[in-house]
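Examination of the molecular architecture
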Amino acid sequence: MPARLKALFAMSPEHLPLLFPEPVMARLTSLVDIDPGLVAHSFADAASAAALADADVLITSWGCPPLEADVLARAPRLTTLVHAAGSVKYLANLAARERNLAISSAADANAVPVAEYTLGAILLAGKGAFELRESYARNRGFVIAQVEPGVGNYGRRVGIVGASRIGRRVIELLRPHDLEVCVYDPYVQLDDVRQVSLGELLETCDVVSLHAPLTAETRHMIGADELARIRDGAVLINTARGELVDTVALIAQLETGRISALLDVTHPEPLPADSVLFDLPNVFLTPHIAGSQGNELARLGTAAVDEVERLAANLPLAHRVDLETLGRAA
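Source: prediction; values computed, not measured.

Reading the values: rules and limits
- Residues numbered from 1 in each chain as written.
- Predicted model: local features only at pLDDT ≥ 70, side-chain atom pairs only at ≥ 80, totals over all residues.
- Heavy atoms only, no water.
- Pairing = 2+ DSSP bridges.
- Helix = DSSP H or I, 4+ residues; strand = E, 2+ residues; numbered from the N terminus.
- Contact = heavy atoms within 4.5 Å.
- Axes fitted to C-alpha atoms, helices over the stretch in contact; angles between N-to-C directions.
- Patch = residues over 30% accessible without salt bridge, like charges linked within 9 Å, V, L, I, M, F, W, Y side chains within 5 Å.
- Areas by Shrake-Rupley, 256 points an atom, 1.4 Å probe, with all protein chains shown as cover.
- Salt bridge = Lys/Arg side-chain N within 4 Å of Asp/Glu carboxyl O.
- Parallel < 35°, antiparallel > 145°, perpendicular 65-115°, else oblique.
- Left-handed = near helix turned anticlockwise from the far one by under 90°.
- Nonpolar A, V, L, I, M, F, W, Y, C, P; charged D, E, K, R; others polar.
- Buried < 20%, exposed > 50% of the residue type's maximum accessible area, 1.4 Å probe, protein only.
- 1 Å grid on protein atoms, 1.4 Å probe; cavity = no way out; pocket = protein on both sides within 12 Å on 5 of 7 lines; lining within 4 Å.
- Points joined across faces, edges and corners; volume = space filled by probe spheres on them.
- Phe/Tyr/Trp six-rings, centres within 6.5 Å; stacked < 30°, edge-to-face > 60°.

**Here we look at the sheet that holds strand E12 (residues 283-285)**
If you walk across this open sheet you meet the 7 strands as E8-E7-E6-E9-E10-E11-E12, and the pairing is parallel. Of all strands in the sheet, those bounded by a partner on one side alone are strand E8 (194-195) and E12. For strand E10 (residues 235-238) and strand E11 (residues 260-263), the ladder comprises 4 bridges, and the chain directions are parallel. Each residue of the ladder has a partner; that of asparagine 238, found in E11, is leucine 263. Taken strand by strand, helix H8 (residues 165-174) contacts strand E6 (156-161) and strand E7 (179-184), and its axis lies near 160 degrees from that of E6.

Now the structure itself:
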């Protein structure tokens, strides 16, 4: 019988109970040798260093200490990083690549709540919920049975910028609704969704939802020129990365009242306390909550345990990261 794999948690300790609640932890400990009470937030202490030396697998998440060459040199058995979170760019450094470590990500699991949040945002934006909430609060009342002629989701046109894993999941969630969906992505071809240029998307869509990764190419992809092309009355939704949008240019457009924005991410993040974005009535801000929060973290832990189960069965990882295309990913 082959020896059981040995694993070590490497992350900020406060995340462990939410990522691995009791049933998920019990499943993990049935698969590999791991100390549930040992979480390496640094590899300097004796217990973490000893566990690292014996580890075949690191189970990582937010707050994992840097895995530079000197650390990996003290982990001769290590073959795999199973990341119970989304982006692994900071883990897939030169040392990890030279070591040829297999890296798995729970990005697919983390895409679920982001897509759900985006769906809710799109539908509420279409109903004019954010602006009408402000009007209701300001007027302290409304006219019963009054029809708002400028709102509604029937036939509303939604543009998805970026056919990423989240962008594609949003498209799937939108299918049951009476919406017209189009997508802009220069790298991905989708057969069943109308693909358009970025200019056409901005000029013709009632809702523009951003799902592109942040790269040197996409930084400020929505700048002054692009924002000026967004049609009057449209809503810009950003649940991706704040730097996709030129904040100064966005504020200038929002101050005209011509467009609205729902922003879960901004640049800078958090915003300075005196940012006008807090006060504009056509802006709805949330504090970077679209990704996994609260009990949703257990989905990430479950995804990590699924990968560990595959390792224990000598099966390939289901969500191994392609390091060749990582530069174009979130």
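Structure shown, so let's carry the discussion forward.
**Quick look at a nonpolar patch on the surface**
Taken together, the side chains of Tyr136, Phe142 and Ile144 present a nonpolar region at the surface, about 380 Å² in accessible area. Checked against the element boundaries, tyrosine 136 lands in helix H7 (residues 129-139).

**Observations regarding the packing of helix H6 (residues 107-126) against helix H12 (residues 297-312)**
For the pair H6 and H12, interaxial distance at closest approach is 8 Å and the crossing angle is 160 degrees. By the criterion of interaxial angle, the relationship of H6 to H12 is roughly antiparallel. Relative to H12, H6 is oriented so that their crossing is right-handed. Across from Ala109, Asn110, Val112 and Pro113 in H6, the residues of H12 making contact are Arg299, Leu300 and Ala303. Taken together, the residues of the contact of H6 with H12 sort by class into 5 nonpolar, 1 polar and 1 charged.

**Side note on the environment of alanine 234**
Along the chain, the position of alanine 234 falls in the loop between helix H10 (224-229) and E10. Take alanine 234: its relative accessible area is 1%, and that puts it in the buried class. The spatial distance from the C-alpha of alanine 234 to the C-alpha of valine 207 is 5.6 Å, given a sequence separation of 27 residues.

**Comments concerning the layout of surface pockets**
Over the atoms, a rolling probe the size of a water molecule traces out where space has been left empty. For the second largest pocket, the calculated volume is near 310 Å³. Of the residues that constitute the lining of the second largest pocket, the class distribution is 7 nonpolar, 7 polar and 6 charged.

**Some thoughts on the packing of aromatic side chains**
Summed over all chains, the structure comprises 3 aromatic pairs. With 5.2 Å between their ring centres and 50 degrees between their planes, phenylalanine 9 and phenylalanine 20 make a pair best called tilted. In this pair, phenylalanine 9 sits in strand E1 (residues 7-10) while phenylalanine 20 sits in the loop between helix H1 (16-19) and helix H2 (22-31), placing the two residues 11 residues apart along the sequence. When the centroid spacing of 5.0 Å and the interplanar angle of 85 degrees are considered together, the rings of tyrosine 136 and phenylalanine 142 count as edge-to-face. Since its relative accessible area comes to 45%, tyrosine 136 is described here as partly exposed.

**Here we look at the sheet that holds strand E4 (residues 80-83)**
Spatially, 5 strands are ordered E2-E1-E3-E4-E5 in an open sheet, and the strand pairing comes out parallel. Only two strands of the sheet have a single neighbouring strand rather than two, namely strand E2 (39-40) and strand E5 (102-105). Direction of pairing for E1 relative to E2: parallel, over a ladder of 2 bridges. Bridged to alanine 10 within E2 is alanine 40. Across the sheet, H12 touches strand E3 (57-60), E4 and E5, and the angle it forms with E4 is around 155 degrees.

**A look at the environment of leucine 31**
Note that leucine 31 resides in helix H2. Leucine 31 gets classed as buried once you look at its relative accessible area, which sits at 17%. Sequence separation between leucine 31 and alanine 55 is 24 residues; the distance between their C-alpha atoms is 14 Å. Setting aside chain neighbours within four positions, we find leucine 31 in contact with Arg4, Val305, Val308, Glu309 and Ala312.

**Focus: the packing of H2 against H12**
With their axes 10 Å apart at the nearest point, H2 and H12 run at an angle of 15 degrees to one another. By the angle between their axes, H2 is roughly parallel relative to H12. Crossing hand, H2 versus H12: left-handed. Note on element contacts: H12 touches H2 through Gly301, Thr302, Val305, Asp306, Val308, Glu309 and Ala312, opposite Val24, Arg27, Leu28 and Leu31. In the contact of H2 with H12, the residues fall into 6 nonpolar, 2 polar and 3 charged.

**Observations regarding unusual backbone geometry**
For the bond from histidine 267 to proline 268, the omega torsion is 0 degrees, close enough to zero to count as cis. Note on placement: proline 268 falls in the loop between E11 and E12. The linkage connecting glutamate 269 with the following residue, proline 270, adopts the cis geometry, with an omega of -5 degrees. Counting through the fold element by element, proline 270 comes out in the loop between E11 and E12. Of note, asparagine 100 is a non-glycine position whose phi angle comes to about 60 degrees, a positive value. Note on placement: asparagine 100 falls in the loop between helix H5 (94-99) and E5. By relative accessible area, asparagine 100 is classed as exposed at 59%.

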